[in-house]
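Residues per chain, in single letters:
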Amino acid sequence: MAALANSSSSSSPPSPARPYTGKWEHDVFLCFRGDTRLNFMSHLREALREKQIRFFVDTMLTVTEDINELLCVLGRSAVSVVIFSEKFADSTWCLDEVDTIVRSVDQFGHRVLPVFYRVDWTAVAGDSGAYAKTIAELVDEDATEERKQEWKDALKAVAHKTGRTSEAIPDDAELVKQVVEDVLSTLAAMSSSIQSNNLVGMDSRVLEVERRLAMSEVDTIRIVGLRGMGGVGKTTLARACYEKLRFSAKDTKFHFVERIGENCDKQNAVDGFVQELYSALLSENYISHGDLNIGYRRARLSRLRVFIVLDDVHTPSQLEQLLLREALHLTKLFAAGSRIIVTSRNQRVLEYAKAEIHIVDHLSDDESLQLFKLHAFRPGSAIDDQIDLSHQVISYCNGNPLALKVLGGTLLPKDRKYWRSFLQKLSEIQEPEIHHVLRRSYDELGDDDKRLFLDIACSFYGIVRSLLIKYMEASYTSAYSRVIDLIDRSLLISVFDQLQGEIVVVHQLLREMAWNIVNEEENVGKRSRLKNPDDIHNLLTIWKGDRATQGIHLDLSKAERMHLKANAFEGMDSLRWLEFAWPKCFGHGHRKIQLSDDIINSLPNELRGLYWDQFPSTSLPSGFSPKKLVYLVISHSPIERCWERDQPKLEHLMLLDLTYCENLTIVPNLLRSSHLEHLLLRGCKTLVELPASIQSLVKLVRLDARDCQDLQRVPARLNSKFLKQLLLSNCPKVTRCPEVNSGELRVLDLDGTPINSLPNAIYKVKAGGVLSLYGPNITSFPKISTSLELLRLRNTAIEELEFGHLQGSDLPRFDRLHLVQNSQLKTLPKAIWKMVSVALIVEDCPLIDCLPEISEPLHLTRLRIAGCARITDVSSCISNMKSLDSLVFPATGIKSLPSIIQELDQLSYLDLSYCTSLESIPNTIHKLARLSELSLVGCKSICSLPKLPPNLNILKANNCDSLQVLPRNIGNLSFQHLRFDDCPHLDRSSLDEIVANFPDQALSQHSQVGFHYSGIDIPEWFDPPNMEGVNNYVTLELPMDCSELKGVAFGVVYSLDQSCGSMSMLCGCFIETEMITYWRSFSWNFHVLDSSDRVYLWSGDRFGNSKKDEEEEEEASWYQKYAGLTVSFRFFADVGVGPLRDVKKCGAFLLY
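Note that the structure is predicted; figures quoted are calculated from it, not measured.

Trainee: Would you explain the overall build of the protein chain in this entry?
Mentor: Within the protein chain, the regular secondary structure consists of 29 helices and 46 strands. Overall, the C-alpha framework of the protein chain stretches about 105 × 80 × 80 Å when taken along its three principal axes. Going through the 1152 residues of the protein chain one by one, you find that 54% of them count as buried. In the protein chain, of all internal contacts separated by at least 6 residues, the share reaching a separation of at least 24 is 58%. Roughly 50,200 Å² of accessible area belongs to the protein chain as shown, and the carbon and sulfur atoms make up 47% of that amount. Averaging the positions of the 128 positive and the 151 negative side-chain charges in the protein chain gives two centres separated by 6 Å.

Next up, the structure:
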């Protein structure tokens, strides 16, 4: 042991140092006496070095440093190994070390491993043992009786930890080996806490890879492949598994070979990696590829159990060379129990190695935000101001960790002005570091494969795989193998959809990369593909069309109005894809593209795809004859018929979408369109007939003719064996359903279509499918034996749910069963509980007077019994539904809820609206910790509310005529939406407390807060008279410094002149006559009996919804730009129909 003087003059141990909060500097602290230095300790230190375990011994301290410094060192160390030897207790320094180690256990989460080297456990820990006697005889100025007792206590504390003894393992070499393995195991157990500080979402992913590795199966060799797009975290996941397992796997050689493919591309060889890997495994220097052909080295390798990671392997050839041509015969190369992780973007590499393949998942939105925060914000900094922009980054990155880290690091030191500017640029130019990583996979493709990838990434992501391949076959040979290869290379992603099958999607970042590649083409007017609205406008209205243009993709939500001349597309002989589309989330706005001469002469005949929302003519050009057209989408158009005359054959057509073409009178002749898979005619209100030629569409997958109000005639039979969806709902003049020849039918929707009788097609619906039936001609429950995802029966004449002789497991099964508006249905059988697994909805069935009793626990998550006024008691069923998340009993006759409702601990939504006989809510409701929304609208008999659940944030208790008393804890709730309007007898003191606390509530919430109540004035804290509205507005002088503004609270007094509907409030902020921003409140339903006054308070964030404000810098936000000036807030009520309404009084209040 080092003979350092203890410079502390105190008789007690030194005061503890502040815990170390950074990364560990040392894996192990070694505590020992000098009598073991040249034997056991020298071997232990060498073994730790070999395992790359960082250790510290106090000889590394300088002579001037004392026990205080030692405590700091322990705070930076994970584990202490204490070697108790014969002379250990002779040293007060050693004793101080042990005492300090014990203190570190509590302060730093330190771990201790004792080793009893040629000394008995009782000699160390016993009150009369050798150590106790030695301590008693110590003569030292610091060895007071109190200090001696502290040493003894510390020795006992360490001795009672699990450790090793030389008595049990007399061989020093074996003892050293066991101690090192104990250290590795301990470090492994602690490693997850290290990683959790730096990695996000890794724990579950590591566990999944560990499951595939099956480390306990020591008689086999396993290869696990990690596949995914660039930047998704394959290397990070492999490294996390490697670091965790290298401490716990015994008798195993570990090595991690990084960035193989990228460096092989530079060096054109893998010899360097072969040398690195096998030199490390065999503990020899500079082993060349040729050296590994020597017999004894191969024999040594075959006896080695290894754990190696081969990172970023691009080709099977690289893998074969790294594994010495034994990739398919690993038992010849390594010992049983070996494990290999291979990361690659290329599925073929992993398939070649016969690896068990694990697709690395993208991060969820929550995980993405967590990772982005780590890189974009300094610890402890406020992020509220940037949270809206952070979500834009999260959306852009779409779960890719590399992009989140890169963008987070770029934005870290910057202000909001920079963030906005940067995100604007990002929509046009991808960050170089991200682009470089993603592009490597693209650069490895051949020229045709590159063009095909750009076609898909720029135009076709998110469609059925089989459809995509057939689209590509119109332009490329061997399209099937090319698309599969792109999926294998992680440039495309194949996901499974229950109704449509495999869907091919392209990650947002790869789509951005594709457009960046296109934009590298020099001349904008001659680029192969265009999506910039200004460039497209110029191409079609100013520039002359060019043969180079192959694809036009215009997002109509971003485009200005455009008037096209009749010859707008002349000269574009190479145009294959033309798309003018509204994003699905936008719906369809005003028509953006008009025809200057009300006609367009022609469209390019080389088109493979035409997608034109709101096509501005009643028919397509007469000269348009696209023989290779694979899809035609002209939805929401005034088109009456596709071609006035000379319709082309359309032999390659696979998708025809005429959705919501309300003037359409005739469907094109499809007799020659034998490849057609999707025929979409929803909302074609004037269409009378579906042509008989549809019968011959033998590949038809989906026929959608919903909401065709005038449709009368449909084909008698559909001969396609591939039909998956037949949708004929809300066609009131259709009285029969076509016969179906398909064994693939998943959705048959006849809701709102009064068919004459049960069609045979219902027996064709596959297990897991959806069946909706409607009409008074249906008098018996359909005798189906398959298990369906949903069965919906509406407005039928069924009186009883009869199942004949079926019982138990033979009963039909449904995830969800909806029985709606079945006015003759009298009872529900007890067997219904065995038939439904997820949700039961019984709505507007007035003859049902009770729910059948449940005799055993169920796993339903949703129960809705609505408009069944004869049902007065539900206690017999809900006690066995402990999994319910949503419980809905509106407009029923129930008088009370059983107190056992407290046992529904998963319940988050409870709706008792318009239960006019309901007199009370059980006091136990406050125990529903997950309940977030409670609706008691129109419960006219309730007089008081009990203590409410702690996490309730939406409470609707309007139109409760008898309600008088609110619970005491109402003021403690962090609410989002409260309604107590039209409660004439409610105690005002409870309301006044909520009103007074409203500004604080608004500040504490990250989302909008709303509160309704009956009254004639806005609250006093709006500072009348300046805040009382005159002519629908109030004026307010902004402070000179608005930097601390958090939001705005609004208040209005309004009345209604209609009995029911939906409404919201609008508030615009004006400088004179210019609106600079505005806010819209929640929308809410109302049902009132009089025109009395009501008060509504709500909050808005500080920015409002001004587009102008979002585009401007932070310094130009309305409250900064107009600081010190007078602004006006003008209020309007929007009741959904007619013009905006005035309010009676109004106020605005700035929140700081």
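Trainee: Can you help me understand the sheet that holds strand β7 (residues 253-257) in this one?
Mentor: By definition, the strands of a sheet pair up through backbone hydrogen bonds, in either a parallel or an antiparallel sense. Strand order across the open sheet formed by 5 strands is β7-β8-β9-β6-β10, with parallel pairing between neighbours. Where the open sheet ends on each side, the last strands, each with one partner, are β7 and β10 (356-359). Between one strand axis and the next, the sheet turns through 15 degrees on average, direction left out of account. Of the pairings in the sheet, the one linking strand β6 (residues 222-227) to strand β9 (residues 339-344) comprises 6 bridges and is parallel in character. The residue bridging Ile 223 from the neighbouring strand is Ile 340, located in β9. Running at roughly 160 degrees to β7, helix α11 (residues 271-282) makes contact with β7 and β8 (306-310) of the sheet.

Trainee: Before we go on, may I ask you to explain the pairing of strand β45 (residues 1126-1134) in this structure?
Mentor: Successive side chains on a regular strand alternate, one facing one side of the sheet and the next facing the other. Bridge count for strand β39 (residues 1033-1037) against β45 is 5 bridges, and the pairing is antiparallel. Note on β45: the bridge partner recorded for Leu 1036 is Val 1127.

Trainee: In this structure, what is going on with the pattern of salt bridges? I would like to understand it.
Mentor: Within the structure shown, the criterion is met by 59 salt bridges. Its salt-bridge partner being Asp 485, residue Arg 348 comes within 3.4 Å of it at the nearest N-O pair. In this pair, Arg 348 sits in helix α14 (residues 347-352) while Asp 485 sits in helix α22 (residues 479-488), placing the two residues 137 residues apart along the sequence. Residues joined in a network through salt bridges with shared partners are Glu 208, Arg 211, Arg 212, Glu 217, Arg 222 and Glu 356.

Trainee: Just to check I follow, could you spell out the sheet that holds strand β5 (residues 164-165) for this structure?
Mentor: Pairing in this open sheet of 5 strands is parallel, and the strands run β2-β1-β3-β4-β5 from one edge to the other. This sheet does not close on itself; its edge strands, each paired only once, are β2 (55-56) and β5. Two elements, strand β3 (residues 77-84) and strand β4 (residues 111-116), share 6 bridges in a ladder whose sense is parallel. Bridge pairing links Phe 84 to Phe 116 in β4. Most of the contacts of helix α1 (residues 40-50) go to strand β1 (residues 26-31), to which it runs at about 180 degrees, and overall it touches β1, β2, β3 and β4.

Trainee: Is there a simple way to think about the pairing of strand β17 (residues 577-581) in this case?
Mentor: Within β17, 5 of the 5 residues are buried, which leaves the element mostly enclosed by the surrounding structure. Side-chain alternation along β17 places Trp 577, Glu 579 and Ala 581 on one buried face and Leu 578 and Phe 580 on a second face that is also buried. Both β17 and strand β19 (residues 609-612) contribute to a ladder of 4 bridges, which runs parallel. Counted as the bridge partner of Leu 578 is Leu 610 from β19.

Cut-offs used in this document
- Residues numbered from 1 in each chain as written.
- Predicted model: local features only at pLDDT ≥ 70, side-chain atom pairs only at ≥ 80, totals over all residues.
- Heavy atoms only, no water.
- Helix = DSSP H or I, 4+ residues; strand = E, 2+ residues; numbered from the N terminus.
- Buried < 20%, exposed > 50% of the residue type's maximum accessible area, 1.4 Å probe, protein only.
- Contact = heavy atoms within 4.5 Å.
- Areas by Shrake-Rupley, 256 points an atom, 1.4 Å probe, with all protein chains shown as cover.
- Lys, Arg positive; Asp, Glu negative; His and termini not counted.
- Charge placed at Lys NZ, Arg CZ, Asp CG, Glu CD.
- Pairing = 2+ DSSP bridges.
- Axes fitted to C-alpha atoms, helices over the stretch in contact; angles between N-to-C directions.
- Salt bridge = Lys/Arg side-chain N within 4 Å of Asp/Glu carboxyl O.

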